[in-house]
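Commentary on secondary and tertiary structure
Listed here are the chains, written in short residue letters.
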Amino acid sequence: MTMPSWRETKVGNHKLGSMARAALWLVQEVGEGQIFTVAKLREAFPDIAQIDRRMRDLRDHDWEITTNREDPALLPQERRFARRGKDVWVPGQAKGPSHKASITNAQRAKVLQEDGYLCRTCGIAGGEAYEDGVEQSVLNVARRQVTLADGRVTHQLVTECKRCGRGSVDRSVDLREILSRIESLAPLERSVLSGWVKAGQRTYSSLEVLWGMYRTLPEESRKTVADALDLDGTED
Ligand SMILES: [Zn+2]
């Protein structure tokens, strides 16, 4: 495969993720051993919100990008593209720092069981046919990059079907974002979400059950319900 341009977002039907494009930008615009600034990187990718983070992700793929902490010759805003790592723009090369072989059979069995033998991304069960009927799913255990609540970056194992594992869609997660969104939920929303999490599925809340009952009612009964909710006064 010839090296795509960092300006491309797709090669054939393979999508180039932000991390892969950042890698290509380093190779094509900066050059190994050369210095660049984060501002320049952001300038090249104005539409990608966290391009500097995506670039840091390259360190998981043997790319060395140094700051003035490691390289005293650099100014604080400068980075050095010290060493090129894996060809992350090649399909299958951006799979994470460790290979499948390093996941033991025991780990794999445990993850599959904990994930209910379902792809956590699309929800398909092992051996089930996809909706397009083209093939049956095969489940793998993959490494998912997770940013923990304290900001540390780690990799956790997750069940994923082969189809979801293909390509270079960035499925890394930032727990801080999820936790802060939960933090801002209203108490009712929070208790509904908590119920789904405990049940392991999205169950109907009492509100949805009531709405379902209400909408099947004849008009006269709908009116009775509306009156009970005291809608009359607010609508008229
Ligand atoms: Zn899937």
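Everything numeric here is computed off the predicted structure, so don't read it as measured data.

**Some points on the coordination of the zinc ion**
Protein coordination at the zinc ion: the donors are Cys 119 (SG), Cys 122 (SG), Cys 161 (SG) and Cys 164 (SG), at 2.3 Å from the metal. Here the zinc ion is ringed by four donor atoms whose angles at the metal span 103 to 116°, and the overall shape comes out tetrahedral. When the donor residues of the zinc ion are listed from N- to C-terminus, their spacing reads C-x2-C-x38-C-x2-C. One end of the pair, Cys 122, is in the loop between α4 (105-114) and β6 (139-147); the other, Cys 161, is in strand β7 (residues 153-161), and 39 residues separate them in sequence.

**Quick look at the sheet that holds β7**
In spatial order, the strands read β7-β6-β8; together these three strands make up an open sheet with mixed pairing. Each edge of the open sheet carries a strand with a single partner, namely β7 and β8 (173-174). Two elements, β6 and β7, share nine bridges in a ladder whose sense is antiparallel. Opposite Arg 144, over in β7, you have Gln 156 as the bridge partner. Sheet strands in contact with α4 are β6 and β7, and its direction is about 70° off that of β7.

**A few points about the sheet that holds strand β4 (residues 64-66)**
Read from one edge of the open sheet, three strands run β3-β5-β4, paired in antiparallel fashion. The sheet is open, and its two borders are formed by β3 (35-37) and β4, each paired with just one other strand. This sheet shows a mean twist of 35° between the axes of neighbouring strands, independent of strand direction. In this sheet, strand β5 (residues 78-83) lies alongside β3 in antiparallel orientation, the contact comprising three bridges. Its bridge partner being in β5, Thr 37 is matched across the sheet by Glu 78.

**Description of the nonpolar core**
Judged by nonpolar contacts, the single largest core of 23 residues is most densely connected at Trp 25, Leu 26, Leu 58 and Trp 63. Contributing elements (two or more residues each) for this core: α1 (18-30), α2 (38-44) and α3 (51-57). In terms of residue count, α1 provides more of this core than any other element does, eight residues in total. The next biggest cluster of nonpolar side chains, apart from the first, holds ten residues, and it includes Ile 103, Val 111, Tyr 130 and Leu 139.

**Here's the deal with the side chain of Thr 147**
Following the sequence through the fold, Thr 147 ends up in strand β6. Setting aside chain neighbours within four positions, we find Thr 147 in contact with Arg 53, Arg 152, Val 153, Val 173, Asp 174, Leu 175 and Arg 176.

**A look at unusual backbone geometry**
In this model, Asp 62 sits at a positive phi of 70°, which is unusual for a non-glycine residue. By the secondary structure assignment, Asp 62 is in the loop between α3 and β4. The backbone of Tyr 117 sits at a positive phi, close to 55°, despite the residue not being glycine. Note that Tyr 117 resides in the loop between α4 and β6.

**A short note on a nonpolar patch on the surface**
A surface patch of nonpolar side chains, about 470 Å² in accessible area, is lined by Tyr 204, Val 209, Leu 210 and Met 213. Note that Leu 210 resides in helix α8 (residues 206-215). Looking at Leu 210, the relative accessible area reads 54%, which means it is exposed.

**Section: the packing of aromatic side chains**
The tally for this structure, following the rule as stated, stands at five aromatic pairs. Between Trp 63 and Phe 81 the ring centres are 5.5 Å apart and the planes differ by 15°, which places this aromatic pair in the stacked class. Here Trp 63, found in the loop between α3 and β4, pairs with Phe 81, found in strand β5; they are 18 residues apart in sequence, far enough to count as distant. Ring pairing ties together the aromatic residues Trp 63, Phe 81 and Trp 89, which thus form one cluster. In this structure, Arg 163 packs its charged tip against the face of Tyr 130, placed 3.9 Å from the ring centre.

Basis of the calculations
- Residues numbered from 1 in each chain as written.
- Predicted model: local features only at pLDDT ≥ 70, side-chain atom pairs only at ≥ 80, totals over all residues.
- Heavy atoms only, no water.
- Donors = N, O, S within 2.8 Å, 3.2 Å for Na, K, Ca; no water.
- Tetrahedral: all angles 85-135°; square planar, octahedral: opposite > 155°, others 65-115°.
- Helix = DSSP H or I, 4+ residues; strand = E, 2+ residues; numbered from the N terminus.
- Pairing = 2+ DSSP bridges.
- Contact = heavy atoms within 4.5 Å.
- Axes fitted to C-alpha atoms, helices over the stretch in contact; angles between N-to-C directions.
- Core = buried A, V, L, I, M, F, W, Y, C linked by side-chain atoms within 4.5 Å.
- Buried < 20%, exposed > 50% of the residue type's maximum accessible area, 1.4 Å probe, protein only.
- Patch = residues over 30% accessible without salt bridge, like charges linked within 9 Å, V, L, I, M, F, W, Y side chains within 5 Å.
- Areas by Shrake-Rupley, 256 points an atom, 1.4 Å probe, with all protein chains shown as cover.
- Salt bridge = Lys/Arg side-chain N within 4 Å of Asp/Glu carboxyl O.
- Phe/Tyr/Trp six-rings, centres within 6.5 Å; stacked < 30°, edge-to-face > 60°.
- Lys NZ or Arg CZ within 6 Å of the ring centre and 35° of its normal.

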